[in-house]
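Chain by chain, the residues run as shown.
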Amino acid sequence: MPLPPGGAGRYNVPMTTSLAQKLLDWYEKHQRALPWRERPSPYATLISEYMLQQTRVETVIPYFERWMVRFPAFAALAAAEREEVLRLWEGLGYYRRAHNLHQAAQIVVEAYGGELPGDIQTLQGLPGIGRYTAAAIAAIGFNQPAVALDGNLRRVLARLMDLELPARSVEGERALLAFGQRNLPEGSSSSFNQSLMDLGSLVCIAKVPVCENCPLQSECLARAHGTIIERPVKMPRKPIPRVEAAAGVLKENGRVLIGRRPEGKLLGGLWEFPGGKPEPGEGLPAALRREWMEELGVAAEVGAKIGTYQHAYTHFHVTVYAFACELVSGEPAPLEHSELAWASVEELGNYPMGKVDRAISNTLQQK
Ligand code: SF4
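Residues numbered from 1 in each chain as written. Predicted model: local features only at pLDDT ≥ 70, side-chain atom pairs only at ≥ 80, totals over all residues. Heavy atoms only, no water.

(A) How the structure looks around the packing of helix H4 (residues 57–70) against helix H6 (residues 82–89). Where H4 contacts H6, the axes come no closer than 10 Å and their chain directions differ by 150°. Classified by the angle between their axes, H4 and H6 sit roughly antiparallel to one another. Contacts between H4 and H6 involve Tyr63, Arg66, Trp67 and Arg70 from the first element and Glu84, Val85, Leu88 and Trp89 from the second. Counted by class, the contact of H4 with H6 contains 5 nonpolar, no polar and 3 charged residues. (Axes fitted to C-alpha atoms, helices over the stretch in contact; angles between N-to-C directions. Helix = DSSP H or I, 4+ residues; strand = E, 2+ residues; numbered from the N terminus. Parallel < 35°, antiparallel > 145°, perpendicular 65-115°, else oblique. Contact = heavy atoms within 4.5 Å. Nonpolar A, V, L, I, M, F, W, Y, C, P; charged D, E, K, R; others polar.)

This is how it looks when you write it as structure tokens:
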């Protein structure tokens, strides 16, 4: 294929039908065996797309498999208790997704008779479904002519086009979507999107693409121009802040105090050992005493450290120090939690928790 001249106009170059066909032929032979492809359905696509938001395929697979056994269809999920939904989701992170998914299932059952609608606009009306997820469900689950621009598609298309714009900028996304749309093979949107996802995952890898195994090597402009490693162009990254926090463990009569975080907040609906972040210049024990007064209305003595726990969220990294606490005065009240509970150490496993609180709970169970 002759190379187009430089400048903005070059992005108008369409993939040829033979190029889309090469991609589909490659997909026929090399597609990944993924559980949501075994018995494809709009429900399976929806569950996988919620789970795959911000999460790697390998991490999602066992969660998806357990989920489909317990909640094989919208009706089962819609009827489930929120606690069970969160417990099954525990460890996948970004718990807002579990709340949204549960709510979306209830809407599908109540408003659409248990049948997921296939058009992008209606899908975007469901909680937790943004532009990308709606396009992915419409394309993969319903074979609608949509382009689902995930990380893999972004990278592969940016390289095929040799896109000089940052791939996550508004203009960059527009160019990538237009390129993908112009080249969608009629009637094969589902396979087209999934083939690009698989090519990005198996061949057109971020650091070391295996171009010699790529079905599109003779059409790839970044390869022709020697710019593969520079594509996709990244947006400048903001540094990720690091924070410290303290958590308190209060044991009385063989039971431990935990609080349920209010919905709508980070880790909403999950259980935690109460605590929080120190104010500037405040030590961890002082912060914990203040937090317990604010959150629980009690004065507490902070004792020995139980452990140190680290976790990386997308927008910040946290180190949590857990301390044993003793009550000095007052009765714990849920001033900032939606409820409090006293659980034996053995029962803590029944309460859905985020990664750090589960790690504290595991330490207590090992003692
Ligand atoms: Fe990616 Fe290389 Fe294929 Fe281009 S030729 S799409 S860089 S794997």
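(B) Representation of the pattern of salt bridges. Scanning all chains against the criterion turns up 19 salt bridges. Across the pair Glu347 and Arg255 runs a salt bridge, and its minimum N-O distance is 3.2 Å. Linking Glu347 in the loop between strand E7 (339–344) and helix H15 (355–366) with Arg255 in strand E2 (residues 255–260), this pair joins segments that are 92 residues apart in sequence. For Arg290, the salt bridge identified is with Glu291, shortest N-O distance 3.4 Å. An identical accessibility class is assigned to Arg290 and Glu291; each is buried. (Salt bridge = Lys/Arg side-chain N within 4 Å of Asp/Glu carboxyl O. Buried < 20%, exposed > 50% of the residue type's maximum accessible area, 1.4 Å probe, protein only.)

(C) Seen up close, the nonpolar core. The biggest cluster of nonpolar side chains holds 59 residues, and the ones touching the most others in it are Trp67 and Phe273. Here this core takes 6 residues from helix H3 (residues 42–52), the largest share from any one element. Not counting chain neighbours up to four residues away, the residues in contact with Phe273 comprise Ala247, Gly248, Val249, Val256, Leu257, Ile258, Leu348, Met353, Asp357, Ile360, Ser361 and Leu364. Residues Ala139, Val156, Ala158 and Met197 belong to the second largest nonpolar core, which totals 37 residues. (Core = buried A, V, L, I, M, F, W, Y, C linked by side-chain atoms within 4.5 Å.)

(D) Quick look at the packing of H6 against helix H7 (residues 96–112). Between H6 and H7, the shortest axis-to-axis distance is 10 Å and the interhelical angle comes to 135°. Classed by the angle they form, the pair H6 and H7 counts as oblique. The handedness of the crossing between H6 and H7 is right-handed. Residues Arg82, Val85, Leu86 and Trp89 of H6 form the contact with H7, whose own contacting residues are Arg97, Ala98, His99, Leu101 and His102. (Left-handed = near helix turned anticlockwise from the far one by under 90°.)

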